[in-house]
Amino acid sequence: MADIVLSPIFQVILDKLATPVLKKFGNMWDLKENIQKLQRTLPMVQVLLEDAENQQATDTTVRIWLSKLKDVACDAEDLLMDFTIGDPRVYTRHASEVTKILKVLETTIDEGFRLNLREGSMVHREWDGRETSSFVVESEVYGREEDKENIVELLLSCKATQVGKASSISIVGMGGIGKTTLAQLVYRDERATQHFDVKVWVFVSNQFDVKNIMVAVIESVTKEKCHILNMDALHSAVWSLLHKKRYLIVLDDVWIEKQDDLDKLKPLFRGGIDGTKILITTRSRKVAFMLESPSFSRHLNGLSEDACWSLFMQRAFQQGEEELHPALLPIGQQIVRKCGGLPLAAKALGSLMRFKREVREWLFVRDSELWNLDECESGILSALRLSYFHLPPHLKRCLVFCSIFPRHYEIKKDKLIRLWMAEGLVQSSSGKPPEDIGNDYFNNLLWMSFFIETKRCDNGVIIGHKMHDVIYDFVQSVAGLEYTILDCHLLTPRCFRQIRHSSVVCNFKSSVIPKELCDAKHLRTLLLFSGGTFEELPHEFYSNFKYLLVLDLCGSNLVDIDASIGHVSCLRFLDLSYTPIKRLPHVIEDLPLQTLNLFNCYDLVALPNLAKMRNLRHLNNNGCEALTGMLYSLQTRDQGMAVHTTSVDEFRQMVEMLTGQYGYFGGQYELQTLPLFVTGGPVDFNFLGKLNLQGSLKITHLENVRSVEEARNAGLRSKEGIESLGLYWGHDDGSFNINVNVMEEYVMNRSKRTRPSQSSRAPQSTDPGTLFEEEILENLQPHQNLRRLLIKGYRGIRFPHWSIPYLVSIDLIDCRKSEHLPTLGNLRFLNRLSLQSMHGVRCIGREFYGEGNEKPFPALKGLVLIDLPNLEDWFGPDGGEVFPSLSKLLVNKCPKLSMMPQILSIQHLKLHDCNATLVHLFRDLTSLRSLVIEKVSDLSYFSGAFPANNPLLKSLAIKSCPRLPSLPQELGNLTALKSLTVRWCEELSSLPLSMQSLNALESLEIGDCHGLMSLPEGGTSGLSNLRSLSIENCNNLTSLSMDFQYLTCLESLTIMYCPGIIMLPQGVENLSALRSLTLLSCPQLMCLPGELQNLRVLHSLEIRSCPGLEVLPEWIGNFVSLRSLAISDLPNIRLLPECMKCLTALQHLSIQDCPQLLERCQEQSGEDWPKIAHIPYKHIGAPDQANPSGAGSSSSN
């Protein structure tokens, strides 16, 4: 049953009641007393609503009252919104309606005060009967072996131990995931029993009572009833029982998140000997973070599908009974997918099917939502409801809002927070930005496992989240009728009038928003998913949805927005990202927008007048490539659109108006997100100087800056919220686009400006353009809090001496005139540095490290040098250790570099388009884990034992080294090597015999080595872990030579463009794990060896351009697991074998350029058609045939 949630509406009503307009007319209409009473009572009602919202499930009276109150509150909200945004001339028309609705609201609220609701009450019925114990039947637990071993290892290990304190281990996960079961397995493990002197199990639950916990500990240890009531006596008793003992205490199902309450448990963490442990199960990550003792948190993931299936089968059938009902098993596997890895769901669904043996009954469950199944309602959904009830009202509202997202929708945290803000779901807090409050909301839901992390950036930052399938089902079950998803695959709502928040999921064949939605006159939210083909919204759309707060048209192919969007006068969130829109109507400037998303609107030529949009907080204009400025020289109106002129006179007039006496940029701007700033003129930088931006900022076209004063006006040095800054000049063609008159003025007036200090090592700039750019950059100095800096296209010779001590990443790109690098070695937090297209740099000197710096670049982990064609010498610092933390080094297109310091910490090295001398400089390196040597044309040998002297090397790639005749014989010493790639080494004539010692090798790729005639005899005897083998384009290879009998783990075998190959090697019958076999362009291959028929797990077989093959053998019918078969350019194959009918697992069949087969495989009429008719997807014909028979033949089955 969907819950009724009211609190956000009341917050809106309170805000509207406080508006000056309503206060003024309230006095005129004799409503002052009503308004003041509502302002007093609404906060009181909000306090009691938590109890009412929880009681509605069991108390019909409360639910009826909530429903009535919601109807009245919604009507009041609509009317007040009309009033506060309407035309003053129609205020009187609303007077009687406002009077009536406020009095009805007041009366309904008074009825609620008589329902005996209590502040802070909580429904406890869900906790009844949930008490746990340490007992578990291990044989009934599936898929937790690895998790159990990990926790037991922590219990017994020294790393989870601290002298004088007990260490805590937290098992964190959503309800029903199996936290308690895992704790029971660990608690009952014999190793734990032997290791600990005392073990105690305490069920905590939501009622966190320290006395009860202490009593439970005492009773568990003494096996007697405890009658102590005094807290001090309890502490003393616990101390005496646990003192000088190694103990394990399990606190199961901990909910408390208050630090003071957790601190009262300190006696449990003191007194034991080393190795004492506290094991906690909880749904909240906060609990683990709040413990003072050394803590180790383990987030518990869901079970595998196989484990869920085993658990389901255990409940659904008696032992062996499933053999009597084979038709139910495939349906059961589909049902199990509903579990999403939750063991509690698998148990509930299995129990539900225990007494159902009809196919229709199983199909009904398969096609039903979880919340409509009684067994799940009392099982998994009941468990999740505990977490939901535990949430405060504001988090319940935020969670329920997510019910309008499609299943598996990837949630972007920042976007969701901005949606919450637009909906008024983020409660204001004195002095704290709403974004920070929303971030707290999100983290609380994440820590309670309502969201799960799904995607990370390269730097480890989480950027994507989802709702677990079962959580999603639960949220759908508690969402009311006002939330709906309109999707052709879902049921259509019965009543559109009640809908206030909706999403529309459409495919690219569907181009309209459903007409029925027009009945939702009070719609607040409309999200469009999957786009559509419509290019503009109907004119009546905006007038029909005048209460919209959120409109998301992302990816909708929209090219135009009508000026009537001005009717949506409450709109706070507008998403037009990924649309080909070119212009925006100027009326957008008058909307109370908080968020405007224009991401990747490539064709957008102009932004609205941002100087007028003082409520705007977030503008994402990344990817708006057609923009030529932010605030143009002059704005005129043409059919409601902003257009711009660029005459000199108009430009000067505009600058005077905007920066002079008119005070155009006066007042406060809320804008804090603006990732792209396109420099079009001085007006732009004056505006930029007024903004307090946060996060990332990229400033492009700095060649348009006309004066040093203009650069200074940007105020970058005062913008402490910017973490990432990109400064871009021009393109990489070296052009210097700057106005000649401005340059002359700069040269004449240069003596009036203060010259920045210059390093004695830096060259003196004499070119006026270079001098100008150097001062421009000097005056774009960012705040010292900056973390990431990119400078691209800078045309100065020297870099400024900025103080930015907290930088972690620097990119200097296409700074072609710069001859010396800036001093960066003193940046102690810098962990990534990239230098690209620095054509003027000939030497990396000691100034790069900083004078007197004994340990330069202490934190640098990644260094990239790309396209430094004139770099010859790379010196180290004077004394001290160089790059002590460097683990990744990439050197690319540095053909003259032949000297560099020795860096012994490198783990990942890539040398590309360099000389052999540079490669030899690394001969003493022994720390490598991955190595790529590519396009080193003069490399003919490796110095010493390199690279075989790197015992930890896991990945080795040698490419485009045409003079390399052989690989080191010591290659077999690389016992950790997992991947070996050798390509485009034309003179390579052999591979070392020692390859057979590469026991860890999983992937071997050899390609375009035309000097290679054979592979080493017996070269696979040690390759027992090889999983992928690819041999491609080796023209002179006549024999694979290798005996395949040891390749029992091989999963993928590819042989391509090897014209000398006559047959496959012996031992192919031993490839028991092979899943994919590809044979391409081997014209002398005459037949497929019969031993292949033993490949019972083969999933994919591809044979192309092997004209020597004359027959497909009957034994391919033994490929019982084959799912994909592709054959092409086999002109001598005359017919398909009869055994094709036996390939029941085959899903995809492709036959191309086989002229004798095409006629025999014609749909319905071909002689071989009955052999393949059962295959769902078929492509029979030429490769470029537009209408493959697979589409049609699918329906013929």
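Coordinates for the structure precede this section.
First, a word on scope: everything that follows refers to the structure included in this document. (Residues numbered from 1 in each chain as written. Predicted model: local features only at pLDDT ≥ 70, side-chain atom pairs only at ≥ 80, totals over all residues. Heavy atoms only, no water.)

**Focus on helix α20 (residues 413-422)**
Taking burial as the measure, the ten residues of α20 include eight buried ones, the bulk of the element. Within α20, the full set of buried residues consists of Lys415, Leu416, Ile417, Arg418, Leu419, Trp420, Met421 and Ala422. Looking one or two residues beyond α20, the residue adopting positive phi is Gly424, at roughly 75°. (Buried < 20%, exposed > 50% of the residue type's maximum accessible area, 1.4 Å probe, protein only. Helix = DSSP H or I, 4+ residues; strand = E, 2+ residues; numbered from the N terminus.)

**Details of a positive patch on the surface**
Together, Arg929, Lys954, Lys978 and Arg1027 give the surface a local cluster of positive charge. On the secondary structure map, Lys978 appears in the loop between β29 (955-959) and β30 (979-983). With relative accessibility at 37%, the residue Lys978 sits in the partly exposed group. (Patch = residues over 30% accessible without salt bridge, like charges linked within 9 Å, V, L, I, M, F, W, Y side chains within 5 Å. Areas by Shrake-Rupley, 256 points an atom, 1.4 Å probe, with all protein chains shown as cover. Salt bridge = Lys/Arg side-chain N within 4 Å of Asp/Glu carboxyl O. Lys, Arg positive; Asp, Glu negative; His and termini not counted. Charge placed at Lys NZ, Arg CZ, Asp CG, Glu CD.)

**What to know about the nonpolar core**
Formed by 203 residues in total, the largest nonpolar core has its most connected members in Leu727, Trp874 and Phe883. Non-local contacts of Trp874, meaning those with residues more than four positions away in its chain, are made with Ile844, Tyr849, Leu863, Leu865, Phe883, Leu889, Leu897, Met899, Met900, Pro901 and Ile903. Grouped together as the second largest cluster of nonpolar side chains are 91 residues, Ile151, Trp420, Phe450 and Ala479 included. (Core = buried A, V, L, I, M, F, W, Y, C linked by side-chain atoms within 4.5 Å. Contact = heavy atoms within 4.5 Å.)

**Re the environment of Leu821**
With respect to the helices and strands, Leu821 occurs in the loop between β21 (809-813) and β22 (832-836). On the basis of relative accessible area, Leu821 is assigned to the buried category, the value being 6%. In sequence terms Leu821 and Gly845 are 24 residues apart; their C-alpha atoms lie 8.2 Å from each other.

**Observations concerning the pairing of β30**
Counted residue by residue, β30 has four buried out of five residues, so it is predominantly covered. Summarising the sheet, β29 and β30 pair through five bridges and their orientation is parallel. For Ser955, the partnering residue across the bridge sits in β30 and is Ser979. Two elements, β30 and strand β31 (residues 1003-1007), share five bridges in a ladder whose sense is parallel. Its bridge partner being in β31, Ser979 is matched across the sheet by Ser1003. (Pairing = 2+ DSSP bridges.)

**Focus on the packing of helix α14 (residues 328-336) against helix α16 (residues 359-366)**
Running from N to C, α14 and α16 point in directions that differ by 15°, and their axes come no closer than 9 Å. Judged by the angle between their axes, α14 and α16 are roughly parallel. Of the two possible hands of crossing, α14 and α16 adopt the one that is left-handed. Of α16, the residues touching α14 (which contributes Leu328, Ile331, Gly332, Gln334 and Ile335) are Val359, Trp362, Leu363, Val365 and Arg366. (Axes fitted to C-alpha atoms, helices over the stretch in contact; angles between N-to-C directions. Parallel < 35°, antiparallel > 145°, perpendicular 65-115°, else oblique. Left-handed = near helix turned anticlockwise from the far one by under 90°.)

**Quick notes on the packing of aromatic side chains**
Summed over all chains, the structure comprises 26 aromatic pairs. Considering the side-chain rings of Tyr806 and Phe829, the 5.9 Å spacing of their centres and the 35° angle between planes classify their relative orientation as tilted. With Tyr806 in the loop between β20 (788-792) and β21 and Phe829 in the loop between β21 and β22, this residue pair connects regions lying 23 residues apart in the sequence. A ring pair is formed by Tyr849 and Phe857, whose centres lie 6.1 Å apart and whose planes are at 85°; its orientation type is edge-to-face. Phe857 shares its class with Tyr849; the two are buried. Among the aromatic residues, those joined into a ring-pair cluster are Phe848, Tyr849, Phe857, Trp874 and Phe883. Across the ring face of Tyr669, the terminal group of Arg614 is positioned such that the distance to the ring centre comes to 4.4 Å. For the cation-ring pair, Arg983 lies above Trp984, with the distance from its terminal atom to the ring centre recorded as 4.8 Å. (Phe/Tyr/Trp six-rings, centres within 6.5 Å; stacked < 30°, edge-to-face > 60°. Lys NZ or Arg CZ within 6 Å of the ring centre and 35° of its normal.)

**Brief notes about unusual backbone geometry**
Omega for the peptide link from Phe946 to Pro947 comes to 0°, which places this bond in the cis form. Along the polypeptide, Pro947 turns up in the loop between β28 (930-934) and β29. Notably, Asp867 is not glycine yet its phi reads approximately 60°, a positive angle. Not every positive phi belongs to a glycine, and Lys893 is a case in point at roughly 60°.

**Some points on the packing of helix α6 (residues 145-156) against helix α7 (residues 179-188)**
Contact geometry of α6 with α7 gives a least axis separation of 10 Å together with a crossing angle of 55°. With respect to each other, α6 and α7 are oriented oblique. Judged by the sense of rotation from one axis to the other, the crossing of α6 with α7 is right-handed. For the pair α6 and α7, contact is made by Asp147, Lys148, Ile151, Val152 and Leu155 and by Leu182, Leu185 and Val186, respectively. Considered class by class, the residues forming the contact of α6 with α7 number six nonpolar, no polar and two charged. (Nonpolar A, V, L, I, M, F, W, Y, C, P; charged D, E, K, R; others polar.)

**Thoughts on a nonpolar patch on the surface**
A contiguous nonpolar patch, built from Ile1062, Met1063 and Met1086 and spanning about 320 Å² of accessible area, is present on the exposed surface. Of note, Met1063 is situated in the loop between β33 (1052-1056) and β34 (1076-1080). Taking the relative accessible area as the measure of exposure, Met1063 reaches 59% and is therefore exposed.

**Notes on the pairing of strand β27 (residues 908-912)**
In this structure, strand β26 (residues 888-892) lies alongside β27, joined through five bridges in parallel fashion. Residue Leu889 lies in a different strand from β27, and its bridge partner there is Leu909. Across five bridges, the pairing between β27 and β28 is parallel. By the bridge assignment for β28, His908 is matched with Ser930.

**Considering the sheet that holds strand β10 (residues 525-529)**
If you walk across this open sheet you meet the seven strands as β8-β9-β10-β11-β12-β13-β14, and the pairing is parallel. Two strands in the sheet have a free side with no partner beyond their single neighbour: β8 (483-487) and β14 (618-620). Sheet twist, expressed as the mean angle between neighbouring strand axes with direction ignored, is 10°. Alignment of β8 against strand β9 (residues 501-505), held across five bridges, turns out to be parallel. Paired with Leu486 across the bridge in β9 is Val504.

**Re the pattern of salt bridges**
All chains considered together, the criterion is met by 36 salt bridges. Notably, a salt bridge pairs Arg191 with Glu149, separated by 2.9 Å at the nearest N-O pair. With Arg191 in helix α8 (residues 190-195) and Glu149 in helix α6, this residue pair connects regions lying 42 residues apart in the sequence. Residue class for Arg191 comes out partly exposed when judged on its relative accessible area of 35%. For Glu149, a relative accessible area of 36% gives the class partly exposed. The partner of Glu1032 in a salt bridge is Arg983, and the shortest N-O contact between them spans 3.5 Å. You can see Glu1032 sitting in strand β32 (residues 1028-1032) and its partner Arg983 sitting in strand β30, a full 49 residues away along the chain. Among the residues examined, Glu1032 registers a relative accessible area of 18% and is labelled buried.

**Some points on helix α10 (residues 231-242)**
Between its first and last C-alpha atoms α10 spans 16 Å; for twelve residues at 1.5 Å apiece the expected length is 16 Å, and the two agree. Those residues of α10 that fall on the buried side of the exposure criterion are Leu234, Ala237, Val238, Leu241 and Leu242. All buried residues of α10 lie within an arc of 115° about the axis, which places them on one face of the element. Against the buried residues of α10 lie β2 (198-205), α9 (210-222) and β3 (247-254). Residue Asn230 occupies the N-cap position of α10, its side-chain oxygen lying 2.9 Å from the main-chain nitrogen of Asp232. Lys244 lies just past α10 and shows a positive phi near 60°. (Expected span 1.5 Å × (residues − 1). Arc of directions from axis to C-beta. Polar contact = N/O pair within 3.5 Å; in protein donor to acceptor, adjacent residues only side chain to side chain.)

**Observations regarding the side chain of Arg285**
Here Arg285 lies in helix α12 (residues 285-290). Looking at Arg285, the relative accessible area reads 18%, which means it is buried. At a separation of 3.1 Å, a polar atom in the side chain of Arg285 contacts the side chain of Glu453. Sequence-distant contacts of Arg285, that is, excluding residues within four places in its chain, are made with Val172, His299, Leu446, Trp447 and Glu453.

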